[in-house]
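Summary of structural features
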Amino acid sequence: MKVMLIQPPSGTEYMDSVYMYEPLGLEYLGAGLKEDGHEVLILDARLEPDHEGVFSSFQPDVVGLTGYTNHLNIVKNIAADLKKINPNAYIIVGGHHATM
């Protein structure tokens, strides 16, 4: 299975350049998925904002999005964008906000 994991941008102009951290949670998930034989692509949308282009090129079966509460609308918009491209792709949302 092809899996794309996305770290969304913060939506605040300077936040991603000041508080840039590694998407460690997605890296752990990706490593486990690879060990189970899946093809994984991690997209850090803070560095590469063209999530639609990467999605179209990679053509994943499943997309995992993560985020905090301040990412809520950003994550919803990314999911909607990707569903327009491929309505059959599964979109999974995790992270702090989804957990709470």
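I will try to describe carefully the structure that is included in this document. Per chain, residues are indexed from 1 in the order of the written sequence. Side-chain atom pairs in this predicted model are given and counted only at pLDDT of 80 or more, local residue features only at pLDDT of at least 70, and totals for whole chains, interfaces and linings cover all residues. The side-chain numbers reported here are obtained from all heavy atoms of the structure, hydrogens and water having been left aside.

Another point: the environment of N88. Each helix is a run of H or I in the DSSP string that is no shorter than four residues. Each strand is a run of E no shorter than two, and both are numbered from the N terminus. Counting through the fold element by element, N88 comes out in the loop between helix 4 (72–85) and strand 4 (90–93). For N88, a relative accessible area of 66% corresponds to the exposed category. Between the C-alpha atom of N88 and that of H38, which follows or precedes it by 50 residues, the distance is 18 Å. For every residue, the accessible area (1.4 Å probe, protein chains only) is compared with the maximum for its type, and the residue is labelled buried under 20%, exposed over 50%, or partly exposed between those bounds.

Right, let's get into the pairing of strand 1 (residues 2–7). With five of six residues buried, strand 1 lies mostly within the body of the structure. Sheet topology places strand 1 next to strand 2 (residues 39–44); six bridges connect them, and they run parallel. By the bridge assignment, M4 is partnered in strand 2 with L41. Bridge analysis of strand 1 against strand 3 (residues 62–65) gives four bridges, and the strand direction is parallel. Paired with L5 across the strands is G64, a residue of strand 3. By the convention used here, strands pair only if DSSP detects at least 2 bridges between them.

What follows concerns the packing of helix 3 (residues 51–58) against helix 4. The convention used is that axes are lines fitted to C-alpha atoms, helices contributing only their stretch in contact, and that angles between N-to-C directions extend from 0 to 180 degrees. Packing of helix 3 against helix 4 leaves a shortest axis separation of 10 Å and a crossing angle of 40°. By the angle class used here, helix 3 and helix 4 are oblique. Classified by chirality, the crossing of helix 4 by helix 3 is right-handed. Counted together, H51, E52, F55 and S56 of helix 3 and I78, D81, L82 and I85 of helix 4 form the full contact between these two elements. Across the contact of helix 3 with helix 4, the residue classes break down as four nonpolar, two polar and two charged. Reported orientations rely on four angle classes, namely roughly parallel under 35 degrees, roughly antiparallel over 145, roughly perpendicular from 65 to 115, and oblique for the rest. Here a crossing is taken to be left-handed if its near helix is turned anticlockwise relative to the far helix by less than a right angle, and right-handed if that turn runs clockwise. The contact criterion used throughout is that any non-hydrogen atoms of two residues lie within 4.5 Å. Residue classes follow a fixed rule: Ala, Val, Leu, Ile, Met, Phe, Trp, Tyr, Cys and Pro count as nonpolar, while Asp, Glu, Lys and Arg count as charged, and any other residue, Gly among them, counts as polar.

Along the chain, Q7 falls in strand 1. Judged by its relative accessible area of 5%, Q7 is buried. Once residues within four sequence positions are removed from consideration, Q7 is found in contact with Y21, P23, L26, L43, D44, A45, R46, T66 and H71.

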